[in-house]
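Here is what each chain is made of, one letter per residue.
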Amino acid sequence: MNLQLSFIPLAADTGNELMQFFTSLYLQLSDQFYQCFICKNRYHYIIDGLKNTLIITFFAVLLGVALGTAIALVKVGHANNPKKFRLSNRICTLYLTLIRGTPVIVQLMIMYYVILSNAHVSDIMAAIIAFGINSGAYVAEVIRSGIQSVDKGQIEAGRSLGLSQRTTMLKIVFPQALKNVLPAIGNEFIALLKETSVAGYIGIQDLTKSGDIIRSITYLAFTPLLMTAAVYLIIVIGLSAILARLERRLHRSDNR
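This structure is a prediction, so every number in the text was calculated from the model and none was measured.

(A) Seen up close, the overall build of the protein chain. Scanning the protein chain from terminus to terminus reveals 10 helices and zero strands. Ordered by position from N to C terminus, the α and β elements of the protein chain give α-α-α-α-α-α-α-α-α-α. Each principal axis of the C-alpha atoms in the protein chain carries an extent, and together these give about 95 × 60 × 30 Å. Counting across all 256 residues of the protein chain, residues that qualify as buried make up 33%. Sequence separation of at least 24 residues holds for 75% of the intrachain contacts in the protein chain that already meet a minimum separation of 6.

(B) Region of interest: the pattern of salt bridges. Counted according to the given criterion, the structure contains two salt bridges. With a shortest N-O distance of 2.8 Å, Glu141 and Arg144 are connected by a salt bridge. Linking Glu141 with Arg144, this pair stays in helix α6 (residues 123-149), spanning three residues, or about one helical turn.

(C) Structural view of unusual backbone geometry. Phi is positive for Lys40, which is not a glycine, with a value near 55°. As for its placement among the helices and strands, Lys40 is situated in the loop between α2 (7-38) and α3 (43-80). Of the residues examined, Lys40 reaches a relative accessible area of 71% and is grouped as exposed. The phi dihedral of Tyr219 is positive, around 60°, even though this residue is not glycine. Secondary-structure assignment places Tyr219 in the loop between α9 (207-218) and α10 (222-254).

(D) Representation of the packing of α3 against α6. Two elements in contact, α3 and α6, have axes separated by 5 Å at closest approach and are oriented at 40°. The angle between α3 and α6 places the two elements in the oblique class. For the pair α3 and α6, the sense of crossing is right-handed. Residues of the contact of α3 with α6, tallied by class, amount to 21 nonpolar, eight polar and two charged.

(E) Quick look at a positive patch on the surface. Residues Arg245, Arg248, Arg249 and Arg252 make up a contiguous surface patch of positive charge. The topology assignment puts Arg249 in helix α10.

Cut-offs used in this document
Residues numbered from 1 in each chain as written. Predicted model: local features only at pLDDT ≥ 70, side-chain atom pairs only at ≥ 80, totals over all residues. Heavy atoms only, no water. Helix = DSSP H or I, 4+ residues; strand = E, 2+ residues; numbered from the N terminus. Buried < 20%, exposed > 50% of the residue type's maximum accessible area, 1.4 Å probe, protein only. Contact = heavy atoms within 4.5 Å. Salt bridge = Lys/Arg side-chain N within 4 Å of Asp/Glu carboxyl O. Axes fitted to C-alpha atoms, helices over the stretch in contact; angles between N-to-C directions. Parallel < 35°, antiparallel > 145°, perpendicular 65-115°, else oblique. Left-handed = near helix turned anticlockwise from the far one by under 90°. Nonpolar A, V, L, I, M, F, W, Y, C, P; charged D, E, K, R; others polar. Patch = residues over 30% accessible without salt bridge, like charges linked within 9 Å, V, L, I, M, F, W, Y side chains within 5 Å. Areas by Shrake-Rupley, 256 points an atom, 1.4 Å probe, with all protein chains shown as cover. Lys, Arg positive; Asp, Glu negative; His and termini not counted. Charge placed at Lys NZ, Arg CZ, Asp CG, Glu CD.

Spatial relationships are all this shows, so hold off on functional conclusions.
See below:
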């Protein structure tokens, strides 16, 4: 009995220490949250950075899809008829090799400090162009594989109906290929969203840069960086859920 009673003060002390630890941790985090986001309305940094990140990502994906589609059509056209698009195919191959073989941050700085150094374009526009060109190289391969996944019998059926090669591609093959690659393009959107975190290298206040600005003002690193990571995570989870729902709808339409 005495042995059992001797553990009671120890357990009570341990419980009090844990309570004090969590209370102290809560007070510290609350104070850091106030200093980083509430004081002087510093949460506006996060909002402005998120807005710039979404703008760059959205328009870069649009540019990447347009550029990638054009490149994919050239590559597929040359594969179907090696005598056509010889020069265009070589240019596209060189483009794919350069873009996919160099880091996106280097491409961003070359675009901003070299190619567009004398052009009167905004920082955000330069980032959209750089990220769009980078995204186009990966989207091109996605769309090319989607086009080549369509049964060749579809092309033969279109040609047998008197349609030209171009009309068959645009009216029959490309819509089916686009349906197949929509989830992959959505994944490219998610990847590009995270890649834009390097936009701060050319002075853009994106989401990552906003967290770093708050860190430099408050000298507190944990809370602003954790908030930045949480915002990215929430957006990615939301986009992933939308993509999963889209894939389920596409599968249901295929089974009809």
